[in-house]
Amino acid sequence: MKNKTKECIKECITEITAGKPSVENLTYLLSLPTREDFKPVFDESVRLCKKHFGNRVFVRGIIEFSNYCRKGCLYCGINRANKKTPRYRLTPEEMLDSAAFMKKNGALTVVLQSGEDPGYDKTLIEIVRRIKKELNMAITLSVGEREPSVYREFLKAGADRYLMRIETTDPALFKKLHPDDDLQYRKKCLYNLGKLGFEVGTGIMVGLPEQRLESIANDLLFFKELNPAMVGIGPFLAHEDTVLKDFKNSDIFPTLKVLALIRLILPKSNLPATTAMGTITPDGRQQALKIGANVIMPNFTPSKYRESYKLYDNKICISEEYGKCAACTAGIAMAAGKRIVRSKGYSKNK
Ligand code: 5AD
Ligand code: FES
């Protein structure tokens, strides 16, 4: 590598860690072609992760409790146009049982995720109340866009956190991928969640069809502005029953690049090694934990429903025996030289 390139990379890193990320310096780093070129960014991301989290990894157990969805996101396997997927909703008892099992396995935070299924909100609110009262767990909801009055009810019932990826901040791309959604409204929802007092999580997919590096650089600037507690990202993966079925899957390296840059911009944020990373390549989550991720999310959805919550093809953990993901994720952390901690993992990014 030429010295000039090395100097350039160093300069960009210094600017970003000094709180001055720009479309130019981010796009430049994102465009670096090899892992060797990108190594100084990974090194800085590792250093910051270690500084704030040591070798600790937080666990968030996930329960995919409903695959009903009113939306038509082009990439998503459970979008409402998919007539092949049988639709399901877990009963309150099934959810309570899964959460209790999770807690027994050492995961003190439960993520309740679903398609956008507001018809189930009343039941969900009751379930949140019961999980809080009977199990005293930290509760994250990931159920999509709602009016502030509904978010307030979730909060009152005992929800602590809320995850909703922005997916992309590129207006044209957002519109194409979400024909029935509005980028400004989604941003508004995220700001509303923060104002109400949730720990907010957002994120994007990397390698979406027609996504440009400048778009990703702008996504990163949006993260800086929103200042979320958590940022979850993953590679785009095609699903056979969607209109994007013939588009190329993304790759792990670009995804890791984005993760490392988020660590530079938001050093204290919680960054998960996601299921999609583990799908694109078998050791994808280990790689993510090694370069700056500090969260892992084992699947605690009852086995019989998992096949019906395929957001993309070849999703891992579908045919695993119930409970296996808990042990497996502990092994993944270890393989990355880290260890899972029994903690609710509240945000350090205040
Ligand atoms: N490929 C990768 N990630 C996907 N998601 C949904 N569909 C896909 C896909 N085809 C991600 C979205 C969503 C999260 C729950 O899963 O980013 O926010
Ligand atoms: Fe589910 Fe490894 S995390 S099988």
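On a predicted model such as this, the values are computed, not experimentally measured, just so you know.

The rules behind these values
Residues numbered from 1 in each chain as written. Chains lettered and ligands numbered in written order. Predicted model: local features only at pLDDT ≥ 70, side-chain atom pairs only at ≥ 80, totals over all residues. Heavy atoms only, no water. Near = heavy atom within 4 Å. Polar contact = N/O pair within 3.5 Å; in protein donor to acceptor, adjacent residues only side chain to side chain. Areas by Shrake-Rupley, 256 points an atom, 1.4 Å probe, with all protein chains shown as cover. Pairing = 2+ DSSP bridges. Helix = DSSP H or I, 4+ residues; strand = E, 2+ residues; numbered from the N terminus. Expected span 1.5 Å × (residues − 1). Contact = heavy atoms within 4.5 Å.

Visitor: Hey, could you go over the site of ligand 1 for me, with residue numbers and the actual values?
Guide: Taken together, Y75, C76, Q113, R165, E167, M205, P235, F236, L237, L311 and Y312 make up the full set of residues adjacent to ligand 1. Contact distances for ligand 1 include 2.8 Å between an oxygen atom and a side-chain N or O atom of R165. Residue E167 places a side-chain N or O atom 2.6 Å away from an oxygen atom belonging to ligand 1. Within the complex, 87% of the 400 Å² of free accessible area of ligand 1 lies under protein.

Visitor: An account of the sheet that holds strand β1 (residues 56-59) is requested, with residue identities and associated values reported.
Guide: With parallel pairing, the four strands of this open sheet are ordered in space as β10-β11-β1-β12. Because the sheet does not close on itself, it has two edges, and the strands there are β10 (272-273) and β12 (339-341). Direction of pairing for β1 relative to β12: parallel, over a ladder of three bridges. Looking at β12, one finds that V57 is bridged to I340.

Visitor: Give me the lowdown on helix α9 (residues 213-226), citing residues and values where you can.
Guide: Residues spaced three or four apart along an α-helix face the same direction, because each turn holds 3.6 residues. Under the 1.5 Å per step criterion, the end-to-end length of α9 is 20 Å for 14 residues, consistent within 8% with the ideal 20 Å. Packing partners of the buried residues in α9 comprise α2 (23-30), α8 (183-196), β6 (199-202), β7 (205-206), β8 (230-231) and α10 (252-265). At the C-terminal side of α9, N227 shows a positive phi close to 55°.

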